[in-house]
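The residues making up each chain are set out below.
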Amino acid sequence: MTVTVESQPGSATRQDRILPDRLPSTPVRWMWPVAGVVAFLAFWQVVAVSVDSLAVLPGPWEVARNFAVNFDGSPTLKYLGLDITSYAGNLRYTGSIVLGGWLVGGTLGILAGLASARLQWVRNLVDPVTTVFGAVPVLVVAPFVLVWFGTSSLGKFCLISFFSAVTICVVAQSAALTLPMHYEEYAATLGASPSRRMWHVTFPATLTANLTGLRAALGQAWSLEAVAELLGAPAGIGRAIAVRAGTGDIASVLALIIALGILALICDGILSLVVRRLARWQTEKEPQ
């Protein structure tokens, strides 16, 4: 005998009861970050007022005013010898090198990582490089790049590309190695060639991990470029920070650091939206 239990009107299933708690509304999700920013600015202002010295710690308003005044052009930067004399121009200089090197390095890293997971001879070539340079700090490698390429943007582009490729190669290789082989074996029984299995099975299956690796490499690329510019560059945010710090202009240093951080956050946010779009079958299961 079969017993059918009908749900009572107004009753909610277990999924209906849990779903609202796991997926808060958009205003609620944005409330805490905004509150954190406001609390940080308020704390900063209180400390700046207690210090009462613009030479030691300027307040948020003084830093914002400094950025607005020097956004389109700064006579001081021209006097200090920078090729680009505006904050906006230096942001473009740094951002173009970071994004260009990251795209090239990310593409090469994904290709090398997936290939090394399936071809032993490629792994024999790739693993020593990723093992050694994955543990070497950029401050050790950057001086050699300056000797070989000078202070031109080519050296920094190569530095960003190389370390981005190393970071993403490790992620792509690990994702491909942990992928169960029966997916590719089933595709092989249907007549798929190794190249077709790579691009139609392995690459889509490891897409989420590769995109996460790209986000990590992008964050690393911003710090690498800033360090490289601090060591020597004709322009860029890192170079502007170095010369401003040399003159004791704390407001300019803070304005440049915050501007670089905001630019990095914007790029990461755009990439995060791309990740959610391309891997929506996975991100839809996660709490927002």
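What counts and what doesn't
- Residues numbered from 1 in each chain as written.
- Predicted model: local features only at pLDDT ≥ 70, side-chain atom pairs only at ≥ 80, totals over all residues.
- Heavy atoms only, no water.
- Helix = DSSP H or I, 4+ residues; strand = E, 2+ residues; numbered from the N terminus.
- Buried < 20%, exposed > 50% of the residue type's maximum accessible area, 1.4 Å probe, protein only.
- Contact = heavy atoms within 4.5 Å.
- Patch = residues over 30% accessible without salt bridge, like charges linked within 9 Å, V, L, I, M, F, W, Y side chains within 5 Å.
- Areas by Shrake-Rupley, 256 points an atom, 1.4 Å probe, with all protein chains shown as cover.
- Salt bridge = Lys/Arg side-chain N within 4 Å of Asp/Glu carboxyl O.
- Phe/Tyr/Trp six-rings, centres within 6.5 Å; stacked < 30°, edge-to-face > 60°.
- pLDDT = per-residue confidence, 0-100.
- Core = buried A, V, L, I, M, F, W, Y, C linked by side-chain atoms within 4.5 Å.
- Axes fitted to C-alpha atoms, helices over the stretch in contact; angles between N-to-C directions.
- Parallel < 35°, antiparallel > 145°, perpendicular 65-115°, else oblique.
- Left-handed = near helix turned anticlockwise from the far one by under 90°.
- Nonpolar A, V, L, I, M, F, W, Y, C, P; charged D, E, K, R; others polar.

## Quick notes on the overall build of the chain
Turning to step 1, where the next piece is worked out: From N to C terminus, the chain includes 14 helices and zero strands.
Turning to step 2, where the next piece is worked out: Tracing the chain from N to C terminus, the helices and strands come up as α-α-α-α-α-α-α-α-α-α-α-α-α-α.
Turning to step 3, where the next piece is worked out: Across the 288 residues of the chain, 35% fall into the buried class.
Turning to step 4, where the next piece is worked out: Contacts in the chain between residues far apart in sequence, at least 24 positions, make up 71% of those at least 6 positions apart.

## Here's the deal with a nonpolar patch on the surface
Turning to step 1, where the next piece is worked out: Taken together, the side chains of Val 140, Phe 144, Val 147, Trp 148, Phe 149 and Leu 154 define a hydrophobic patch exposed on the protein surface, amounting to about 670 Å² of accessible area.
Turning to step 2, where the next piece is worked out: With respect to the helices and strands, Phe 144 occurs in helix 7 (residues 138-149).
Turning to step 3, where the next piece is worked out: We classify Phe 144 as partly exposed; its relative accessible area is 48%.

## Points about the packing of aromatic side chains
Turning to step 1, where the next piece is worked out: A complete count under the given rule lists six aromatic pairs for this structure.
Turning to step 2, where the next piece is worked out: Measuring from centroid to centroid gives 6.0 Å for Phe 40 and Trp 44, while their planes differ by 50°, and the two rings are tilted. Note that Phe 40 and Trp 44 are positioned in helix 2 (residues 26-51) at a spacing of four residues, about one turn of the helix.
Turning to step 3, where the next piece is worked out: Site record: aromatic cluster; members linked through ring pairs are Phe 67, Phe 71 and Tyr 87.

## Concerning the confidence of the model for the chain
Turning to step 1, where the next piece is worked out: Confidence in the prediction of the chain, expressed as mean pLDDT, is 81, and 86% of residues score 70 or more.
Turning to step 2, where the next piece is worked out: Ranking the elements of the chain by mean pLDDT puts helix 1 (residues 14-22) last with 45 and helix 5 (residues 87-118) first with 92.
Turning to step 3, where the next piece is worked out: With pLDDT under 50 throughout, residues 1-21 is counted as low confidence; its partners more than four residues away or in other chains account for one contact.

## Quick notes on the side chain of Gln 173
Turning to step 1, where the next piece is worked out: Here Gln 173 shows up in helix 8 (residues 153-178).
Turning to step 2, where the next piece is worked out: Excluding residues that lie within four positions of it along the chain, Gln 173 makes contacts with Gly 113, Ser 116, Ala 117, Arg 123 and Asp 127.

## Some thoughts on the environment of Leu 91
Turning to step 1, where the next piece is worked out: The residue Leu 91 is located in helix 5 in this model.
Turning to step 2, where the next piece is worked out: Distance in space between the C-alpha atoms of Leu 91 and Leu 263 is 8.1 Å, their sequence separation being 172 residues.
Turning to step 3, where the next piece is worked out: The contact partners of Leu 91, leaving out residues within four places of it in the chain, are Phe 67, Ile 237, Ala 259, Leu 260 and Leu 263.

## Quick word on the nonpolar core
Turning to step 1, where the next piece is worked out: Among the nonpolar cores identified, the biggest contains 45 residues, and Leu 159, Leu 218 and Trp 222 are the most heavily contacted of them.
Turning to step 2, where the next piece is worked out: With ten residues, helix 11 (residues 207-231) is the single largest residue contributor to this core.
Turning to step 3, where the next piece is worked out: Apart from the residues within four sequence positions on either side, Leu 218 is in contact with Val 98, Leu 99, Trp 102, Cys 267, Asp 268 and Leu 271.

## A closer look at the side chain of Glu 184
Turning to step 1, where the next piece is worked out: In this structure, Glu 184 sits in helix 9 (residues 182-189).
Turning to step 2, where the next piece is worked out: On the basis of relative accessibility, which here comes to 7%, the residue Glu 184 falls in the buried class.
Turning to step 3, where the next piece is worked out: Apart from residues no more than four positions distant in its own chain, Glu 184 is found in contact with Arg 118, Leu 179, Arg 197, Val 201 and Thr 202.

## A look at the packing of helix 9 against helix 10 (residues 194-205)
Turning to step 1, where the next piece is worked out: Contact geometry of helix 9 with helix 10 gives a least axis separation of 10 Å together with a crossing angle of 140°. One element, helix 9, and the other, helix 10, form an angle in the oblique class. Crossing angle aside, the handedness with which helix 9 passes helix 10 is right-handed. Across from Tyr 183, Glu 184, Ala 187 and Ala 188 in helix 9, the residues of helix 10 making contact are Arg 197, Val 201 and Thr 202.
Turning to step 2, where the next piece is worked out: Grouping the constituent residues of the contact of helix 9 with helix 10 by class yields four nonpolar, one polar and two charged.

## Digging into the packing of helix 5 against helix 11
Turning to step 1, where the next piece is worked out: Contact geometry of helix 5 with helix 11 gives a least axis separation of 9 Å together with a crossing angle of 135°. Put simply, helix 5 runs oblique to helix 11. The hand of the helix 5/helix 11 crossing is right-handed. Packed against helix 5, whose contacting residues are Tyr 93, Thr 94, Gly 95, Ile 97, Val 98, Leu 99, Trp 102, Gly 106, Ile 110 and Leu 114, the element helix 11 presents Asn 210, Leu 214, Ala 217, Leu 218, Ala 221, Trp 222, Glu 225 and Glu 229 at the interface.
Turning to step 2, where the next piece is worked out: Within the contact of helix 5 with helix 11, the residues separate by chemical class into twelve nonpolar, four polar and two charged.

## Looking at unusual backbone geometry
Turning to step 1, where the next piece is worked out: Even without being a glycine, Asp 52 presents a positive backbone phi close to 60°.
Turning to step 2, where the next piece is worked out: Position of Asp 52 relative to the elements: it lies in the loop between helix 2 and helix 3 (60-70).
Turning to step 3, where the next piece is worked out: Given a relative accessible area of 67%, Asp 52 falls into the exposed group.

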